[in-house]
Amino acid sequence: MISKTGVRVKVPASTANLGPGFDTLGMALSLYAWIEIKPAESTVIHLYGDQMKGIPVDKSNLIYEVAQSVFREAGVSVPELEISMYSDIPLTRGLGSSASAIVGALVAANELIGSPLDQSKLFDMATALENHPDNVGASLFGGIITAVWDGAHAQYLRIEPPADLQVLVAIPQFHLATSKARKVLPEQVSLSDAVFNVSRTSLFTAAMAAGRLDLIRAAMQDRLHQPYRAPLVPGMSRILEEAVKHGALGAALSGAGPTLLALTDRRDNRGAELERFLIDVLNEHGITAQTIWLEPCTQGAAVLTIEKSERFIDSIKGEVRA
Ligand code: HSE
């Protein structure tokens, strides 16, 4: 039942919230991490790429721990693992790097032991680890997801991203821990702010399902988290307010930040202007940032075939960004 050759999984990055949908909406993005796990004599962890610096390579490694939680849940013992990981998803920038690692580990470990756990169980486990379903749901299922979490079970609906939707991200060079970006949020909000967000989240979800890109501008507004997080990302308020004047359909803080995300219509040709605007505003505030054009990723975490003769890093070389 346990695969001896191991399992390799490709997982997309994700953006959470999309403005109003705090802890609710997520979208998978065309930036990836690859994770391979194999049974081994003793545990060894290979981490490739610049993103991986400082990540533990012993049994306290997140991938190892998450894989073991799958084995425990399934009542199977695979105590020693060879784990390989490469990621193009920058860490602590609001692009769901930890969610992609959790989802990749869950899917790979489950596949390794013959898939005893179903997708819904994996989603519950991933959400329990992250505490919110938005990033993990997008990485697991792909596309745009709207999800609810009751503390034990997560439910979601997946929406196919409109074909003309494109994504521009501006990734500041500095790190921002999600815990820090959550600490600045108020415990209570006013009824009018709650209504503001409920209405816009609903409109955003319906607009995506109907392919109505023209509604994004009105829908992509938020009063629950972005105003409080703005001081953590200098330049953010201006970008959120003015990106639409430079060709964006709407703009948001990606997850807990610091990455800023603009949605665009690929039929427009103002991409260079928008990119310039994002970079200039951040630079004016003393922040160096990298812009990347991404696509909504329609596929979630996928199990890949391993060719026997191939080394992990050689096999993904053609696909990585670096
Ligand atoms: N919904 C989460 C937040 C995403 O905004 O804090 C961050 O992981």
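Note: the structure precedes this text.
Draft legend 1. The arrangement of the overall build of the protein in detail. Across its full length, the protein holds 11 helices and 11 strands. The C-alpha atoms of the protein give a radius of gyration of 19 Å, which matches the 20 Å a tight globule of 322 residues would have. Overall, the C-alpha framework of the protein stretches about 60 × 40 × 35 Å when taken along its three principal axes. Here the protein holds 322 residues, and 54% of them are scored as buried.

Draft legend 2. Structural detail: the packing of helix H2 (residues 97–112) against helix H4 (residues 134–141). As a packed pair, H2 and H4 sit with axes 9 Å apart at the nearest point and diverge in direction by 50°. Of the possible angle classes, the one that applies to H2 and H4 is oblique. Between H2 and H4 lies a crossing of right-handed hand. When H2 is examined against H4, the residues Ala 99, Ser 100, Val 103 and Val 107 are found in contact with a partner set consisting of Asn 135, Val 136, Ser 139 and Leu 140. Of the residues contributing to the contact of H2 with H4, the split by class is 5 nonpolar, 3 polar and no charged.

Draft legend 3. Focus on the sheet that holds strand E7 (residues 165–172). If you trace the 4 strands from one edge of the open sheet to the other, you get E8-E9-E7-E10, paired in antiparallel fashion. What marks the edges here is a single partner per strand, and that holds for strand E8 (250–253) and strand E10 (289–294). Looking at each pair of strands side by side, their axes are set apart by 20° on average, direction ignored. By the bridge criterion, 6 bridges tie E7 to strand E9 (residues 260–265) in an arrangement that is antiparallel. Note that in E9 the partner of Leu 168 across the bridge is Ala 262. Here helix H10 (residues 271–284) sits on the sheet in contact with E7, E9 and E10, set at roughly 155° to E10.

Calculation notes
- Counting of residues starts from 1 at the beginning of each chain's written sequence and follows it residue by residue.
- Local features in a predicted model are, by the rule used here, given only for residues with pLDDT of at least 70; side-chain atom pairs are given and counted only at 80 or more, and totals for whole chains, interfaces and linings are based on all residues.
- By convention in this description, side-chain values take in all heavy atoms of the structure and omit both hydrogens and water.
- The way it works is that DSSP assigns letters per residue, a run of H or I at least four long becomes a helix, a run of E at least two long becomes a strand, and they are numbered from the N terminus.
- We compute the radius of gyration over the C-alpha atoms and compare it with the globule rule, which gives 2.2 Å times the number of residues raised to the power 0.38.
- For each residue, the accessible area found with a 1.4 Å probe, counting protein chains only, is set against the maximum for its type, and the residue is called buried under 20%, exposed over 50%, and partly exposed in between.
- Every axis corresponds to a line fitted to the C-alpha atoms, with the helix fit spanning only the stretch in contact, and the corresponding angles, defined between N-to-C directions, vary from 0 to 180 degrees.
- Each angle gets one of four labels, with under 35 degrees taken as roughly parallel, over 145 as roughly antiparallel, 65 to 115 as roughly perpendicular, and the rest as oblique.
- In a left-handed crossing the near helix is turned counterclockwise from the far helix by less than a right angle, and in a right-handed crossing that turn is clockwise.
- The contact rule is simple, with two residues in contact once any of their heavy atoms fall within 4.5 Å.
- Amino acid classes used here: Ala, Val, Leu, Ile, Met, Phe, Trp, Tyr, Cys and Pro are nonpolar; Asp, Glu, Lys and Arg are charged; the rest, including Gly, are polar.
- Strands qualify as paired when DSSP identifies two bridges or more between them.

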